[in-house]
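Commentary on secondary and tertiary structure
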Amino acid sequence: MKRCAAGLAAAILVAPAAADARPLRVMSLDQCADQYVLALAPNADIALSPRADDPDAWMRAAAANHRRIRPTLEAAIAFQPDVVVRYWGGEPRLLARLEADGVRVLTIEDATDFNGVRADIRTVARGLGAPARGEALIARMDRKLTGRPDHNGTAKPRALYLTAGGFTAGKGTLIDAILTAAGFANAAQASFFAPVSIERTVLFPPARFVLGFFDQARMDWRGAGRHPALRRVARGRIAARLPAAALTCPGWFAADAAAVLRGGA
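Everything numeric in this text was worked out from a predicted model, so none of it was measured. (Residues numbered from 1 in each chain as written. Predicted model: local features only at pLDDT ≥ 70, side-chain atom pairs only at ≥ 80, totals over all residues. Heavy atoms only, no water.)

In terms of regular secondary structure, the chain is built from 10 helices and 11 strands. For the chain, with 265 residues in total, the buried portion stands at 46%. Long-range pairs, those at least 24 residues apart, make up 64% of the contacts in the chain between residues at least 6 apart in sequence. Total accessible area on the chain stands at roughly 13,700 Å², and carbon and sulfur atoms take up 55% of it. (Helix = DSSP H or I, 4+ residues; strand = E, 2+ residues; numbered from the N terminus. Buried < 20%, exposed > 50% of the residue type's maximum accessible area, 1.4 Å probe, protein only. Contact = heavy atoms within 4.5 Å. Areas by Shrake-Rupley, 256 points an atom, 1.4 Å probe, with all protein chains shown as cover.)

Strand order in the open sheet made by the 5 strands is 3-2-1-4-5, with parallel pairing throughout. In this open sheet, the two strands that pair with only one neighbour each are strand 3 (67-68) and strand 5 (104-107). By the bridge criterion, 3 bridges tie strand 1 (residues 25-28) to strand 4 (residues 83-86) in an arrangement that is parallel. Bridging across to strand 4, Met27 finds its partner in Val84. Lying over the sheet, helix 5 (residues 114-127) contacts strand 4 and strand 5, oriented at roughly 165° with respect to strand 5. (Pairing = 2+ DSSP bridges. Axes fitted to C-alpha atoms, helices over the stretch in contact; angles between N-to-C directions.)

Here the focus is the packing of helix 6 (residues 131-144) against helix 10 (residues 254-262). Where helix 6 contacts helix 10, the axes come no closer than 8 Å and their chain directions differ by 15°. It follows from the interaxial angle that helix 6 and helix 10 lie roughly parallel. In this structure, the crossing between helix 6 and helix 10 has a hand that is left-handed. Residues Arg140, Met141 and Lys144 of helix 6 lie in contact with helix 10, whose contacting residues are Ala255, Asp256, Ala259 and Arg262. (Parallel < 35°, antiparallel > 145°, perpendicular 65-115°, else oblique. Left-handed = near helix turned anticlockwise from the far one by under 90°.)

Right, let's talk about the nonpolar core for a bit. By size, the foremost hydrophobic cluster in this structure holds 57 residues, and its most contacted members are Tyr36, Val85, Phe114, Leu128, Ile178, Trp252 and Leu261. Residues contacting Tyr36, with those up to four places away along its chain left out, are Ala41, Ile108, Val117, Asp120, Ile121, Val124, Cys249, Pro250, Gly251 and Trp252. Listed in part, the 14 residues of the second largest apolar core include Ala187, Val196, Phe209 and Ala229. (Core = buried A, V, L, I, M, F, W, Y, C linked by side-chain atoms within 4.5 Å.)

Let us look at the side chain of Thr163. Structurally, the position occupied by Thr163 is in strand 6 (residues 158-163). Those residues in contact with Thr163 that sit more than four places away from it in its chain are Gly212, Phe213, Phe214 and Gly225.

Attention now moves to the environment of Gly236. Assignment of secondary structure puts Gly236 in the loop between helix 9 (228-234) and strand 11 (238-242). Along the sequence, Gly236 and Ala207 sit 29 residues apart, while their C-alpha atoms lie 9.7 Å from each other.

Given below as C-alpha cells:
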C-alpha cells in the first residue's frame, strides 16, 4: 500500500512537469499571421491557415512541414491552442469563444510605416515568449532599410505604384513608406489606396513605375493595371516589379521590397 501511495505521489509530481514541457500550441487564423508565427515560433506546435503555402506567402517554404486547418471554432476546439495569432482572420464567434476560454489572442495591426511593423513584431514576439527572436527580426529589417540612394542634391524621382488591378497607394500606406525608404517620391495624388486614372497617367506619366502583384499570373489578368496604354507608357520607366509575397502583409519583408526597389532608383 505504501509503495502504491508513493507511486501515485510521484505521478502527481511528474504530470504537471510533463504538461509544462510540451511545446507551445499556436494557431494562425490567416496568411499574414502565418508569416509571423513561422518566423517567431518555429519550435512551437503550429497550426497554420489554409493559405500558408500560397505563392504570395513570404514564408511558404517554411510552411511545408506544418499542419493547416481552417480558422473555425470547431477546428480551434479540436486543436486547443494556447495562443492564437491573427491579422484579419477569425469570425466574431470564434474570437469571443477563444477569449472566454482564456486563450491569448494576438492581433497584428495594419501598419502604415516601418515603426508600425516594428510594433507588430514586438507584440507577437512577446505574446509567443520570443522577444529576442523578435528583436533579431527587427534588426534584419533595419539592415535592409539602410543605404538609401544619393541623388546628388537633385529631387527624388517620382514613382507611381501600380497593381495589376489598376490601384495605387498614396500617403498613409506601407507602400508609401517602402517608396520613401527606397529614395523615391510618391507620385500618387490621393492618400491611401485609390484606382489609377489611365488617361491622366498616359498624359502625365511619372518618372518611374513600381509594379506590384504582376507576378501573379492569374490575379487581375484583365485588370486596369494591365491596360495596353499603361503598358506602353510604362515601357522603359519600370523601377522594379515587386513580388506579391512582399506586399500582402505588413511584415518585416516590406524592407525586402524597399531593397529591391532601391536597386532601381
